[in-house]
Amino acid sequence: MDAIFLQTLNGLDKGSAYALIALGLTLIFGTLGVVNFAHGALFMIGAFCAVTMQRLLNLSFVTIDETQKDFLGNPLKVETPYVESWFGPDMGAAIINWSVPLAIFLAIPVMLIVGFVMERGLIKHFYKRPHADQILVTFGLAIVLQELVKANYGANPIPTPAPAAFSGSIDIGAALGFDPNVIIYPAWRMAYFVFSIIIIGAVFSFLQFTTFGMVVRAGMSDRETVGLLGININRRFTIMFAIAAVVAGLAGVMYAPINSPDYHMGMNFLVLSFVVVVVGGMGSLPGAVLAGFLLGVLESLASMNEVKNILPGIDQIIIYLVAIIVLLTRPRGLLGKKGVMED
Amino acid sequence: MTKSSFTRRGLLKTGAIAGAGLALPTIFTSRANAYMNEPKGGTVTLGFNVPQTGPYADEGADELKAFQLAVKHLNGEGDGGMLNTFSSKALTGNGVLGKKVAYVTGDTQTKSDAARASAKSMIEKDGAVMISGGSSSGVAVAVQGLCQEAGVIFMAGLTHSNDTTGKDKKANGFRHFFDAYMSAAALAPVLSNQYGKDRKFYMLTADYTWGWTQAASMKEFMEGEGWNMVADVKTPLASTDFSSYLTPVLNSGADVLILNHYGGNMVNSLTQAVQFGMRDKQVNGKQFEVVVPLISELMAKGAGKNIEGILGSSNWNWKLQDEGTKAFVKSYGTEYGVPPSQAAQTCYVQTLLYADACERAGSFDPCAVVPALEGYEFDGLGNGKTLYRADDHQCFKDVLVVQGNDKAQNEYDLLNVFETTPVEKVMYEPDNPFFAGGDLGQCNSGA
């Protein structure tokens, strides 16, 4: 029982990442009609914003300490981060410690710019082209972005620790009245789940309760009519693209402590997120979120040893299996609307 | 009934043509050369095949630096490094057999097919007379097979699977690095000493040749110490989130987790195990422990603080105090500003050992080099007295049990040598069941 509970938690947290990426994908697809295969790369760039923030805060000046020796027996070069010399050692260390959450402030402008440049510079030229062309060009773009990151940051994963306050785990079992020490879950993963719920909530409220959001929703269902009303829908869609990039980027920033970022991390999520979008229903935002959490939990439950003993390898294929079943029984996905991608 | 299109005449004809075709290249080469890629001018070319892209690229970059340093020293540039401490004095810094050493590099991408293609190109286009490199056992086994067929020597770099000098061993292939069996043999007594006899362990294992042999070796030796295995779960090599593999560990009743993971895989699985509170946990009234059988400095760097206190094994460590190590660390550190990793050391040593064998044999002919290395005993290369055993072309030397350092003096001070296990304790017979099934075969000079 506690094993199931633990795996469900685990799935929710994995599902958070799927849901956030799928949400961005659906936003772009719903507004611009573009299948964006570079979305995983945006997630990866977000994670590298966390890495960059960590590096920026750790920028140091070197003093030579004659009393200590380095590994070759030469006087030791001591590196002191600028932050520590500006704010004092304690405050400086605290700032460095919180580099991942602080990276959010770096990621938002970076992702807005990346999203804007991507849309204006490349993707807008592909609106009228077939989906196959869009997939090829965005996939190519993803590879270019990956290689750029690899050239600058190397190919190995870069550890990006969470703040010390979140580095341990929480005994959820004890808090909920189970036996202590049975259901333990990492604090940062819990934080990630809460964070993703906040972001998802923010995106939905933005679309639901602002005039801008209303126009975008109107544009999503009937682009031509909105255009005829004298509204420049294209500019709003460009902004939506940038917002979708920010959502993916923030998902990446906060994911960095869970899994040390490497240049390839986006690709691992991309394919799964597309499955999530298809299962949720192309163009349906609630569908993307629902399917993200659902598939995350299912994947997690399928990787329990008890399940794997009966069906070996099921954890590797469960998501695709579910996708096949959903598509056979509900070809438009769980919450898909009629007419999307069917013309 | 279908009519067969085979006829006796047709078959003979095709056979003859195919036979002639196969024989033709060897007829030409054997006329020109006594053996594959016999060096003609004033230089001899070596091929260094390392992962320059892909997840092990940083490891590969370190190997490549070591190769370049070795070539420098062979050609008499720099301070000579381990040439000064090597027990054999055949090398004088005048190249090899009077020829200046040149090298070409290839990119394995940590994929067997890419590694074979780049090795093939270095042999056929660049005329490499020896191939070295590695950093994945899958790659090493594939390239070793290719070198055997092509008739050049393969000096394996970092490869830790038992199979490299076990069931996949080849006459033209030699491994200086230690193997999974030796790791387990060295670790088992230390682990049962430190953590007690009555332990239940759970293993997560990378699902390919190295992981399998590592897991099998650990199981054999830990059960020999009285430990009980709860489960051995295979994880895909590409897996980056191990949380769903780690959560079952928590409720399995196990009190030790053994991570048979390497490189980026290990960095992720260890970090996540720590996030799940596994190092602060009490199970069965004992402190829960995590063990990583193969630790490298680069992995320790990736894992950061999480490696502190963790036990594992290494082929070599730059903090050793023998003369060979000191000379190598000094010359590598001066050249590159960082201490060398164990991958760098094995690649450097392999290059020197090959050059020395050619010098002693008086030829680059693989069939002269092989006997020069077989049964060869040497010292002064950082691992103490070492034997290249003739039966399987595996080096036998002391094994280091290392522990993540919790009192690091500087950013390179990541691992402490916990214990040096003498070679007798990790030695095995060539027909040991973990290594059985292979055959060295005959040396191939490609002629």
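Residues numbered from 1 in each chain as written. Chains lettered and ligands numbered in written order. Predicted model: local features only at pLDDT ≥ 70, side-chain atom pairs only at ≥ 80, totals over all residues. Heavy atoms only, no water.

J.: Any chance you could break down empty space enclosed by the protein for me, citing the residues and the numbers?
T.: Per the stated rule, a full pass over the model turns up two cavities of 30 Å³ or more. One number sums up the size of the largest cavity: a volume of about 60 Å³. Around the largest cavity, the lining is made up of 10 residues, and of these Ser137, Leu158, Tyr208, Trp210 and Tyr262 of chain B lie nearest the centre. Per-class residue counts for the lining of the largest cavity are five nonpolar, five polar and no charged. Residue-level mapping places the lining of the largest cavity at the junction of two domains, with at least three residues from each of domain 1 (43-178 + 318-397) and domain 2 (181-314) of chain B. Of all the elements in the fold, those that place two or more residues in the lining of the second largest cavity are α1 (2-32) and α12 (265-280) of chain A. (1 Å grid on protein atoms, 1.4 Å probe; cavity = no way out; pocket = protein on both sides within 12 Å on 5 of 7 lines; lining within 4 Å. Points joined across faces, edges and corners; volume = space filled by probe spheres on them. Nonpolar A, V, L, I, M, F, W, Y, C, P; charged D, E, K, R; others polar. Domains from an automatic or database assignment. Helix = DSSP H or I, 4+ residues; strand = E, 2+ residues; numbered from the N terminus.)

J.: Go over the nonpolar core with me, naming the residues and quoting the values.
T.: Core analysis: the biggest nonpolar cluster contains 126 residues, and Leu257, Leu353 and Tyr354 of chain B have the highest contact counts within it. With 11 residues, the single largest contributor to this core is helix α11 (residues 342-361) of chain B. Setting aside its immediate chain neighbours within four residues, Leu353 of chain B contacts Phe86, Met155, His176, Leu373, Tyr376, Phe378, Leu381 and Tyr388 of chain B. By size, the runner-up hydrophobic cluster in this structure holds 98 residues, among which are Leu20, Phe37, Phe43 and Val51 of chain A. (Core = buried A, V, L, I, M, F, W, Y, C linked by side-chain atoms within 4.5 Å. Buried < 20%, exposed > 50% of the residue type's maximum accessible area, 1.4 Å probe, protein only. Contact = heavy atoms within 4.5 Å.)

J.: How would you summarise the sheet that holds strand β3 (residues 130-133) of chain B if you had to cite specific residues and measurements?
T.: All names here are of chain B. Read from one edge to the other, the open sheet built from five strands follows the order β2-β1-β3-β4-β5, with strand pairing classed as parallel. The open sheet has two edge strands, β2 (100-107) and β5 (173-175), and neither has a second partner. Across this sheet, the average inter-strand angle for adjacent strands is 25°, counted without regard to direction. In the sheet, strand β1 (residues 43-50) pairs with β2 via eight bridges, with the strands oriented parallel. Within β2, the position partnered with Phe48 by the bridge is Thr105. (Pairing = 2+ DSSP bridges. Axes fitted to C-alpha atoms, helices over the stretch in contact; angles between N-to-C directions.)

J.: So what about a nonpolar patch on the surface? Which residues, and what values?
T.: All names here are of chain A. Together, Leu56, Leu59, Tyr82, Trp86, Phe87 and Met91 make up an exposed nonpolar region whose accessible area comes to about 670 Å². With three residues, the top contributor of residues to the nonpolar patch is helix α3 (residues 82-87). With respect to the helices, strands and loops of the structure, Phe87 is situated in helix α3. (Patch = residues over 30% accessible without salt bridge, like charges linked within 9 Å, V, L, I, M, F, W, Y side chains within 5 Å. Areas by Shrake-Rupley, 256 points an atom, 1.4 Å probe, with all protein chains shown as cover. Salt bridge = Lys/Arg side-chain N within 4 Å of Asp/Glu carboxyl O.)

J.: So what about the side chain of Thr26 of chain A? Which residues, and what values?
T.: Residue and element names in this part refer to chain A. Mapped onto the elements of the fold, Thr26 is located in helix α1. Engagement of the side chain of Thr26 in a polar contact is seen with the backbone oxygen of Ala22, the distance being 2.7 Å. Those residues in contact with Thr26 that sit more than four places away from it in its chain are Val277, Gly283, Ser284, Leu285 and Ala288. (Polar contact = N/O pair within 3.5 Å; in protein donor to acceptor, adjacent residues only side chain to side chain.)

J.: Residues and numbers for the interface of chain B and chain A, please.
T.: At the interface, 39 residues of chain B touch 36 residues of chain A. Residue Asp241 of chain B is joined to Arg189 of chain A by a salt bridge in which the shortest nitrogen-to-oxygen separation is 3.4 Å. Within the residue set of the side of chain B that touches chain A, elements represented by two or more residues are α2 (57-74), α7 (243-250), α8 (263-275), α9 (297-303) and α10 (323-336) of chain B. With six residues, the top contributor of residues to the side of chain B that touches chain A is α7 of chain B. Of the residues in the side of chain B that touches chain A, the class split is 16 nonpolar, 17 polar and six charged.

J.: Describe in detail the domain arrangement of chain B, supporting the description with residues and values.
T.: Residues and elements named next belong to chain B. For chain B, the domain assignment lists domain 1 (43-178 + 318-397) and domain 2 (181-314). Using only C-alpha atoms to locate each centre, domain 1 and domain 2 end up separated by 30 Å. Facing 22 residues of domain 1, the contacting portion of domain 2 comprises 19 residues. Taken together, both faces of the contact between domain 1 and domain 2 bury some 1,600 Å²; the carbon and sulfur share is 58%. (Buried area = accessible area lost by both parts, 1.4 Å probe.)

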